[in-house]
Amino acid sequence: MRKITEKEVILATHNAGKVVEMQSLLSSFNIKVMDATGLSEPEENGTTFIENAKIKALSAAKESGKVCIADDSGLCVHALDNRPGIYSARYNEPKKNGFMYAMSCLNDELGDKERSAHFSCAIVVAWPDGHTEEFEGQVQGTLCWPPKGDHGFGYDPMFVPNGYTGSFAELPAEVKNTISHRANALQLMISNCLK
């Protein structure tokens, strides 16, 4: 495994929530996390979370000349054959209509089907020379309706992680950041690339 020795990395995203979350998780390593402002957004045409994260990380690393971290994550609903999965950000156009609309559509599609689900997050670290390290984490839970809480982003208000009664959007950030799919993937990255 290649180690991250730089003190500044680019997170290949334009999602401010992800930048804040990543910065809090990497702050103890004195690594500053920058967003991808000014960098192009490649087409995410992979068929897995890892493939999409790799596309974003390699594109940003090549364009910026810096070490880049990219993630791809989504909600996988077991009764829907793990959909929306890699299409979570595009399921019923949440960017156009809002995630409340996407959550409502998902709830309607589920109907009275079983509500177990998991969030999955792939993290890829890419260097300008094309080298990558790849990690994937998950968190299991169930979907609730109506959505609860106003923290987090995306599908967080309807996802209740196993062992908790509150949704991701109700949990304090310091709790979510220790149990989330992103936290699990990041822990693997930290254990292998930073320690």
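Residues numbered from 1 in each chain as written. Predicted model: local features only at pLDDT ≥ 70, side-chain atom pairs only at ≥ 80, totals over all residues. Heavy atoms only, no water.

Focus on unusual backbone geometry
Right, so step 1: In this model, Arg-83 is joined to Pro-84 through a cis peptide bond whose omega is 0 degrees.
Right, so step 2: Phi is positive for Asn-30, which is not a glycine, with a value near 55 degrees.
Right, so step 3: As for its placement among the helices and strands, Asn-30 is situated in the loop between helix H1 (16-26) and strand S2 (32-34).
Right, so step 4: Even without being a glycine, Asn-82 presents a positive backbone phi close to 65 degrees.
Right, so step 5: Its location among the elements puts Asn-82 in the loop between strand S3 (68-77) and strand S4 (83-84). (Helix = DSSP H or I, 4+ residues; strand = E, 2+ residues; numbered from the N terminus.)

So, the pairing of strand S1 (residues 8-11)
Right, so step 1: Bridge analysis of S1 against S2 gives three bridges, and the strand direction is parallel. In the sheet register, Val-9 faces S2, and the bridge partner there is Val-33.
Right, so step 2: Once you follow S1 into H1 and on to S2, the crossover reads as right-handed. (Pairing = 2+ DSSP bridges. Right-handed = clockwise from strand over helix to strand, strands pointing away.)

So, the pairing of S3
Right, so step 1: Of all ten residues in S3, ten are buried, a share of seventy percent or more.
Right, so step 2: Of the two faces of S3, both are covered, the one formed by Cys-68, Ala-70, Asp-72, Gly-74 and Cys-76 as well as the one formed by Ile-69, Asp-71, Ser-73, Leu-75 and Val-77.
Right, so step 3: Taken together, the two bridges between S1 and S3 define a ladder with parallel strand orientation. Bridging from a neighbouring strand, Ile-10 pairs with Cys-68 of S3.
Right, so step 4: Bridge count for S3 against strand S5 (residues 116-126) is ten bridges, and the pairing is antiparallel. What sits directly across from Ile-69, in S5, is Val-125.
Right, so step 5: Pairing geometry for S3 and S4, over two bridges, is antiparallel. Within the sheet, the bridge partner assigned to Val-77 lies in S4 and is Arg-83. (Buried < 20%, exposed > 50% of the residue type's maximum accessible area, 1.4 Å probe, protein only.)

Observations regarding the environment of Asp-81
Right, so step 1: Within the fold, Asp-81 resides in the loop between S3 and S4.
Right, so step 2: Exposure remark for Asp-81: the relative accessible area of 70% places this residue in the exposed category.
Right, so step 3: Between the C-alpha atoms of Asp-81 and Asp-71, which are ten residues apart in sequence, the distance is 22 Å.

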